[in-house]
Amino acid sequence: MTVTRRRLIASLTALPFVPAAGLAAGDVIDLTWNDLIPEGEEITGLDRLRDLGVVQHEQLSTGFVQPEAVGVTDAYDGRMVRLPGFIVPLDFEATGITAFILAPFVGACIHVPPPPANQLVFVTTETPYESAGLFEAVYVTGMFGAAATGTQLAEVGYALTAERIEPYD
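Read on for an overview of the structure. On a predicted model such as this, the values are computed, not experimentally measured, just so you know.

**Quick word on the packing of aromatic side chains**
Inference 1: Under the criterion given, the structure shown has 2 aromatic pairs.
Inference 2: In this structure, R82 packs its charged tip against the face of Y139, placed 3.6 Å from the ring centre.

Structure representation (structure tokens):
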């Protein structure tokens, strides 16, 4: 499936708009990838994929089959969050990336099978981000919510409208 701008806009309109200006540090929730797994759900094989690190195409022994996710959590819908991860670009402009998948480990969706949908976040930004490359770790801060989206690379369980994208420290 490919992402269309209409589908993306439609899925993101479900997220309430809260301007980032004036937010105190306490208003932003620092999430980990485990926070995105609904209580009682286990993701088989995710730890194995995270342990692979950078994998070359010729080293792959399996196809690109995305593990199934039972569900997503809505605990952070409409909240300002900050989540670390790796950029998998989807939409470019001359000045940078405007839409990407935020993934929990290097090479997800590109060099190894994608993680389950509840371990991927579809990020959009009005301000194009000049990425240093696929292996760049970033923090993304913005409005978060559960929003199923299909892309050409994977099914994605969450959406985040980025107010700030910065290198991971």
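**Quick notes on the nonpolar core**
Inference 1: Counting 21 residues, the largest nonpolar core has L102, V121 and V140 as the members making the most contacts within it.
Inference 2: When residues of this core are traced back to their parent elements, those giving at least two are β2 (79-93), β3 (96-103), β4 (121-129), β5 (137-150) and β6 (155-167).
Inference 3: Of the residues forming this core, the biggest block, 4 residues, is contributed by β6.
Inference 4: Aside from chain neighbours lying at most four places away, what touches L102 is W33, L83, P84, G85, F86, Q119, L120, V121, V123, V138 and V140.
Inference 5: Of all hydrophobic cores here, the second largest spans 9 residues; its members include L90, A99, F122 and V156.

Analysis parameters
- Residues numbered from 1 in each chain as written.
- Predicted model: local features only at pLDDT ≥ 70, side-chain atom pairs only at ≥ 80, totals over all residues.
- Heavy atoms only, no water.
- Phe/Tyr/Trp six-rings, centres within 6.5 Å; stacked < 30°, edge-to-face > 60°.
- Lys NZ or Arg CZ within 6 Å of the ring centre and 35° of its normal.
- Core = buried A, V, L, I, M, F, W, Y, C linked by side-chain atoms within 4.5 Å.
- Buried < 20%, exposed > 50% of the residue type's maximum accessible area, 1.4 Å probe, protein only.
- Helix = DSSP H or I, 4+ residues; strand = E, 2+ residues; numbered from the N terminus.
- Contact = heavy atoms within 4.5 Å.

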